[in-house]
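Below are the chains, spelled out letter by letter.
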Amino acid sequence: MAAEGGGKEMNEIKTQFTTREGLYKLLSHSEYSRPNRVPFNSQGSNPVRVSFVNVNDQSGNGDRLCFNVGRELYFYIYKGVRKAADLSKPIDKRIYKGTQPTCHDFNHLTATAESVSLLVGFSAGQVQLIDPIKKETSKLFNEERLIDKSRVTCVKWVPGSESLFLVAHSSGNMYLYNVEHTCGTTVPHYQLLKQGESFAVHTCKSKSTRNPLLKWTVGEGALNEFAFSPDGKFLACVSQDGFLRVFNFDSVELHGTMKSYFGGLLCVCWSPDGKYIVTGGEDDLVTVWSFVDCRVIARGHGHKSWVSVVAFDPYTTSVEESDPMEFSGSDEDFQDLHFGRDRANSTQSRLSKRNSTDSRPVSVTYRFGSVGQDTQLCLWDLTEDILFPHQPLSRARTHTNVMNATSPPAGSSGTNPGSNGNSITTPGNSVPPPLPRSNSLPHSAVSNAGSKSSVMDGAIASGVSKFATLSLHDRKERHHEKDHKRNHSMGHISSKSSDKLNLVTKTKTDPAKTLGTPLCPRMEDVPLLEPLICKKIAHERLTVLIFLEDCIVTACQEGFICTWARPGKV
């Protein structure tokens, strides 16, 4: 299938790409797959997923990877950029009958060279706990499918716990389990613990403690993915109803929500310091949401189809201060930041210092990536001008793009900073050609409420900014949010156990009502990011994106797991 205008070149699969850090290279000898290397015929099967764990063995080769392909599950030593993959010797291989693995997660706390705890979720709803080093299957949860009969969409160990794990299903329910407890031989009975706007949490009623400890009912339709914040205190969930919902995990309180531009949200991730959440979904966009302000601060347009994975790159994300620093943004520090609460908090406090009117500038750039069903990998930089639009631009180390570098879409005359012509295309309009090597599309439309501002400026094209930054009318937004919450409260929730969603909705959320509110701002009301790079890297839809210290790992539905060496790491 040749792409219009681009012919063969557009359809060629890239094996390297360059960013400001240098050249990333695909290492063909480091490709992992089924031992026969035959592309998997993926029609109708579950997405290929990859999980990593480091078992800290003495050889310095402690990385292990697990991946599922169709009915099969593989566990290999991962040699990364150092040595070629030896596919003839998987440490463990399992083939399942009647059900397929859909997702998996290692417990990083308990992993050793002799033993690892791997949770595997299945298409028929069960969750298995296995040890692929000892080759043991220790436990099966929801074995009789009495808790939930629908597909497991996401399974994760609760951060900092050796025994608690959380499982999401396509029923829209999430369950908290303890590996020490059994599931019981009858359908669980539930008691309402907490109820809020479009969610409810029930405890399991029984004489002796049994699984599940908690049942969460979230939104409408499938719960597609969830992610814990770096400090483990908050939980971000994305659902088929198009909503991101962020909860305080311990107190079971709703912290904030966001709505996709249209369609379901499929993936979610947190920035290493826990200040931003990025989602991707069926609107082909990546959306950046501020955890502190509970609002959309940017959207990114680069994919031509659904976005299947979003992930931050903690090794390229940088925080710099002009005074003597306790935090240099080195790899080790960022690993601490990724896994240690104190480090995350210290970065957070410093980033909030950047938000205040303190005179010492802190420069921050977050790098994140996305992969999609369009077989493309996009990398994005989230820069000063987007994060701190209220700061005078001389403080932010940014450069600008020329406004008219992009041909205006049909129906708008040449745009200038003050005009209201849409230089940002909404789905359905003709998409302007991407700007060369830029990261944020300046946007011309000023919010109708007369905010005194004009445009966002770009990130890495050279030049000096001449535009004022965008300031959104916060007070008005807050007021809106209250009004909006009244409009779609969830109704009565029965405590009777059933596999269906246990809730009756009084009023359904009308997408037309959310558009233009802080839940889902219009396209022209938030900055539109352009990807740093957007490359076709596979034949089949992409399902995996993981940032490691010396490489990036991607995988596609054919069952090939690819390693991209970072600059200078080959």
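Residues numbered from 1 in each chain as written. Predicted model: local features only at pLDDT ≥ 70, side-chain atom pairs only at ≥ 80, totals over all residues. Heavy atoms only, no water.

J.: Give me the lowdown on the overall build of the protein, citing residues and values where you can.
T.: Along the protein, the regular secondary structure elements total six helices and 36 strands. Considering the protein as a whole, with its 570 residues, one finds that 57% of them fall into the buried category. A sequence separation of at least 24 residues applies to 59% of the contacts in the protein between residues at least 6 apart. For the protein, the accessible area works out to roughly 23,700 Å², and carbon and sulfur atoms hold 50% of it. (Helix = DSSP H or I, 4+ residues; strand = E, 2+ residues; numbered from the N terminus. Buried < 20%, exposed > 50% of the residue type's maximum accessible area, 1.4 Å probe, protein only. Contact = heavy atoms within 4.5 Å. Areas by Shrake-Rupley, 256 points an atom, 1.4 Å probe, with all protein chains shown as cover.)

J.: Outline the UniProt feature "repeat: WD" (unreviewed entry) in the protein, listing residues and values.
T.: Within this numbering scheme, the UniProt entry marks residues 258–290 as carrying the feature "repeat: WD" (unreviewed entry). Strand forms 61% of residues 258–290 and helix 0%; the C-alpha atoms that close the span are 10 Å apart. (UniProt positions renumbered as here; feature names shortened; annotations may be inferred.)

J.: Tell me what's going on with the sheet that holds strand β1 (residues 16–19), and back it up with residues and numbers.
T.: Spatially, β1-β2-β36-β35-β34 is the arrangement adopted by the five strands of the open sheet, whose pairing is antiparallel. With partners counted over all chains shown, the strands left at the sheet margins are β1 and β34 (542–547), one partner each. Strand after strand, the sheet turns through a mean of 20° between neighbouring axes, direction not considered. Of the strand pairs in this sheet, β1 and strand β2 (residues 22–26) are connected by four bridges, and their pairing is antiparallel. Looking at β2, one finds that Phe17 is bridged to Tyr24. (Pairing = 2+ DSSP bridges. Axes fitted to C-alpha atoms, helices over the stretch in contact; angles between N-to-C directions.)

J.: For the sheet that holds strand β17 (residues 223–228), give the residues involved together with the corresponding values.
T.: Judged by pairing direction, the sheet is antiparallel, and its four strands sit side by side in the order β17-β18-β19-β20 without closing on themselves. Of all strands in the sheet, those with a lone pairing partner are β17 and β20 (253–259), marking the two edges. Between one strand axis and the next, the sheet turns by 20° as a mean value, whatever way the strands run. The pairing of strand β18 (residues 234–239) with strand β19 (residues 243–248) spans five bridges and is classified as antiparallel. Looking at β19, one finds that Cys237 is bridged to Arg245.

J.: Pulling in residues and values, what's your account of the packing of aromatic side chains?
T.: Aromatic ring pairs are described here by two measures, namely the spacing of the ring centres and the angle between the planes. Per the stated rule, a full pass over the model turns up 26 aromatic pairs. For the ring pair Phe165 and Tyr177, a centre distance of 5.0 Å and an interplane angle of 0° mean the geometry is stacked. On the criterion of sequence distance, the pair formed by Phe165 in strand β12 (residues 164–169) and Tyr177 in strand β13 (residues 173–178) is long-range, its members being twelve residues apart. Plain terms: the ring middles of Phe226 and Phe228 are 6.1 Å apart, the flat faces sit at 85° to each other, and that makes the pair edge-to-face. Of the two residues examined, Phe226 and Phe228, each falls in the buried class. (Phe/Tyr/Trp six-rings, centres within 6.5 Å; stacked < 30°, edge-to-face > 60°.)

J.: Describe the environment of Phe247, with residues and values.
T.: Relative to the helices and strands, Phe247 resides in strand β19. Put simply, Phe247 and Thr257 are ten residues apart on the chain and 9.2 Å apart in space, counted from C-alpha to C-alpha. In contact with Phe247, not counting residues within four places along its chain, are Phe199, Trp216, Val218, Lys233, Phe234, Leu235, Cys237, Glu253, Leu254 and His255.

J.: Go over the nonpolar core, please, and point to the residues and values.
T.: If you look at the biggest cluster of nonpolar residues, it comprises 23 residues, and the most contacted ones within it are Tyr32, Val50, Leu65 and Phe67. Membership of the second largest hydrophobic core comes to 22 residues, among which are Ala298, Val319, Tyr366 and Trp380. (Core = buried A, V, L, I, M, F, W, Y, C linked by side-chain atoms within 4.5 Å.)

J.: If you had to explain the environment of Ser305 to someone new, which residues and values would you point to?
T.: Tracing the chain through its elements places Ser305 in the loop between β24 (295–301) and β25 (307–312). Note: C-alpha distance between Ser305 and Val371 (66 residues apart in sequence) is 9.8 Å. Those residues in contact with Ser305 that sit more than four places away from it in its chain are Asp284, Gln373 and Asp374.

J.: Hey, could you go over the pattern of salt bridges for me, with residue numbers and the actual values?
T.: Counted by the stated rule, this structure contains eleven salt bridges. Note that Arg34 is salt-bridged to Glu72, the shortest N-O span being 3.5 Å. One end of the pair, Arg34, is in the loop between β2 and β3 (50–54); the other, Glu72, is in strand β5 (residues 72–77), with 38 residues separating them in the sequence. Take Arg34 and Glu72: they sit in the same class, and that class is buried. A salt bridge links Arg566 to Asp313; its shortest N-O distance comes to 2.9 Å. Here Arg566, found in the segment after β36 (561–565), pairs with Asp313, found in the loop between β25 and β26 (318–321); they are 253 residues apart in sequence, far enough to count as distant. The burial state of Arg566 is the same as that of Asp313; both residues are buried. Residues participating in the shared-partner salt-bridge network are Arg20, Glu21, Arg367 and Asp381. (Salt bridge = Lys/Arg side-chain N within 4 Å of Asp/Glu carboxyl O.)

J.: An account of the side chain of Arg210 is requested, with residue identities and associated values reported.
T.: On the secondary structure map, Arg210 appears in the loop between β15 (199–205) and β16 (214–218). Separated by 2.8 Å, the side chain of Arg210 and the backbone oxygen of Thr186 make a polar contact. If sequence neighbours within four positions are ignored, Arg210 has contacts with His181, Thr182, Cys183, Gly184, Thr186, Val187, Pro188 and Cys204. (Polar contact = N/O pair within 3.5 Å; in protein donor to acceptor, adjacent residues only side chain to side chain.)

J.: I'd like a rundown of the pairing of β2, residues and numbers included.
T.: Once β1 ends, the chain turns through two residues before running back antiparallel as β2. Bridge analysis of β2 against β36 gives two bridges, and the strand direction is antiparallel. The partner of Leu26 across the bridge, within β36, is Trp564.

J.: How would you summarise unusual backbone geometry if you had to cite specific residues and measurements?
T.: The peptide bond linking Asn211 to Pro212 adopts the cis configuration, its omega dihedral lying at -5°. Along the chain, the position of Pro212 falls in the loop between β15 and β16. In the Ramachandran plot, Asp284 falls in the positive-phi region, its phi being about 65° despite a non-glycine side chain. Relative to the elements of secondary structure, Asp284 occurs in the loop between β22 (276–281) and β23 (285–290).

J.: Give me the lowdown on the state of the cysteines, citing residues and values where you can.
T.: Taken as a whole, this structure holds zero disulfides when the rule is applied. Counting only cysteine sulfurs, Cys267 is the nearest neighbor of Cys269, a cysteine outside any disulfide, at a range of 7.6 Å. Owing to a relative accessible area of 8%, Cys269 belongs among the buried residues under this scheme. (Disulfide = S-S within 2.5 Å.)

J.: Any details on the pairing of β19? Residues and values, ideally.
T.: Summarising burial for β19: five of the six residues are buried, a large majority. Counted between consecutive antiparallel strands, the loop separating β18 from β19 contains three residues, among which Gly242 sits at a positive phi close to 90°. Counted between consecutive antiparallel strands, the loop separating β19 from β20 contains four residues, among which Val252 sits at a positive phi close to 55°.

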